[in-house]
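# Residue-level structural notes
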Amino acid sequence: MKTEAKNSITDSQMDGVQVEYSIDIQKHIPCSTVHSFSNYVEINKEVLKKLLSCHKENVIGWYRQRRNTEPVMTFRERLIHQNLQKYLSNHELVFLLMTSSAITESSSTHSLEYAMYKLQGSCFHKVPVLVTNLGIVDQQDYHASSITCSSVGYTRVVKKLRSKYFNIDGSLKEVCRINEMSSALQEELKETCRKVEESERSLEKLLDEVNKLRKTVKEKKKLCMQTFEEKKCKKPKTDENVLLCQALQKLFPESKTLQTQTISLEGAALPAYSCGADHGIDISEVLPLLLTDKRENCESDTERQLEESGSETEEDLLDPLKRQVASSHSPTF
């Protein structure tokens, strides 16, 4: 049993002392039968003396286990508690009540509730109980060293096997080994985490590079498609026959159809593809035979028409031919 006093200073009260009692239960003595040390209410001192032997001064309380009942002290348990308190001369005696009950219908699962009571004056008050559980308790709640015991046999056995299980400072060897193994596992876990972090970072870097390459390929494909479309829509450039263009302008100045590269379905010349520029070429010097052949062809046609018609006079035939030649700019074949 430990007693701890906490002193807290507040604005309303200078000194506030709070006393806390802690009872650490390390051992219990079971009774084989019900009411083995009491006759329902009265205490059997002889049986108690045999049960407690040399532990009478270390008794801090007694316990009772019931099934399918409420965790409340009965009138008989209160009387037995008062008689035990007088027999042991311990006014801090406590009573631990354990009640178990089935949770499932098949009675495969049971729950065990704990309730501790302490007599203060003429009333029993509940005392908080903390049960050590391996699943929720921290490491500091375990006992890393041996518990003191006044038994001669226990002391002799511990002394004989002390070098096998205990260190020089009194700590358990197994606990130290487990702590060392835990530290080694933590270091290995840190190393593994470092390797995983490096691999994740390298993977992230590779993914970024892959995304950049995909973006570059996509842009190149888009650029190639644009270039292809431009080449497809662009009109192929051809070299202009300047000599032919100048000759057509010279021979047929009024004929736009012969001076264009493209005409419509109706036979009209397209101005966008017509060439009306003067290339600075003298056709009479470059192509003198072309003009001579044209004049000879015109004269031979005129003579042929004159020979075929015998009734008309020469002047009657020449006048309409002159007008026709003057109005027509078509080539003569």
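In the block above lies the structure referred to throughout.
Residues numbered from 1 in each chain as written. Predicted model: local features only at pLDDT ≥ 70, side-chain atom pairs only at ≥ 80, totals over all residues. Heavy atoms only, no water.

Turning to the packing of aromatic side chains, a few remarks are in order. For the coordinates displayed, the defined rule picks out two aromatic pairs. With a centroid separation of 6.4 Å and an interplanar angle of 85°, the aromatic rings of F37 and W62 are classed as edge-to-face. Taken together, the residues span a long stretch of sequence, with F37 in the loop between β2 (16-22) and β3 (38-39) and W62 in strand β5 (residues 61-67) at a distance of 25 residues. Classification of W62 by relative accessible area gives buried; the value is 12%. Seen in terms of ring centroids, W62 and F95 are 4.4 Å apart; in terms of plane orientation they differ by 45°. Their pairing is tilted. With W62 in strand β5 and F95 in strand β6 (residues 94-102), this residue pair connects regions lying 33 residues apart in the sequence. When sorted by exposure, W62 lands in the same class as F95, which is buried. The structure contains a cluster of three or more aromatic residues connected by ring pairs, namely F37, W62 and F95. (Phe/Tyr/Trp six-rings, centres within 6.5 Å; stacked < 30°, edge-to-face > 60°. Helix = DSSP H or I, 4+ residues; strand = E, 2+ residues; numbered from the N terminus. Buried < 20%, exposed > 50% of the residue type's maximum accessible area, 1.4 Å probe, protein only.)

Attention now goes to the nonpolar core. Ranked by internal contacts, the top residues of the largest apolar core, which has 18 residues, are W62 and L84. Elements with a minimum of two residues in this core: α1 (45-52), α2 (75-88), β6 and β7 (110-120). Counting residues per element, this core draws most heavily on α2, which supplies four residues. Sequence-distant contacts of L84, defined by excluding residues within four places in its chain, comprise F37, I43, L48, W62 and L93. (Core = buried A, V, L, I, M, F, W, Y, C linked by side-chain atoms within 4.5 Å. Contact = heavy atoms within 4.5 Å.)

On to the packing of α1 against α2. Running from amino to carboxyl end, α1 crosses α2 at an angle of 65°, the nearest separation of the two axes being 12 Å. By the angle class used here, α1 and α2 are roughly perpendicular. α1 and α2 meet at a crossing whose hand is right-handed. Counting all contacts with α1, which are made through K45, L48, K49 and L52, the residues of α2 involved are L84, Y87 and L88. Looking at the contact of α1 with α2 residue by residue, the class counts come to five nonpolar, no polar and two charged. (Axes fitted to C-alpha atoms, helices over the stretch in contact; angles between N-to-C directions. Parallel < 35°, antiparallel > 145°, perpendicular 65-115°, else oblique. Left-handed = near helix turned anticlockwise from the far one by under 90°. Nonpolar A, V, L, I, M, F, W, Y, C, P; charged D, E, K, R; others polar.)

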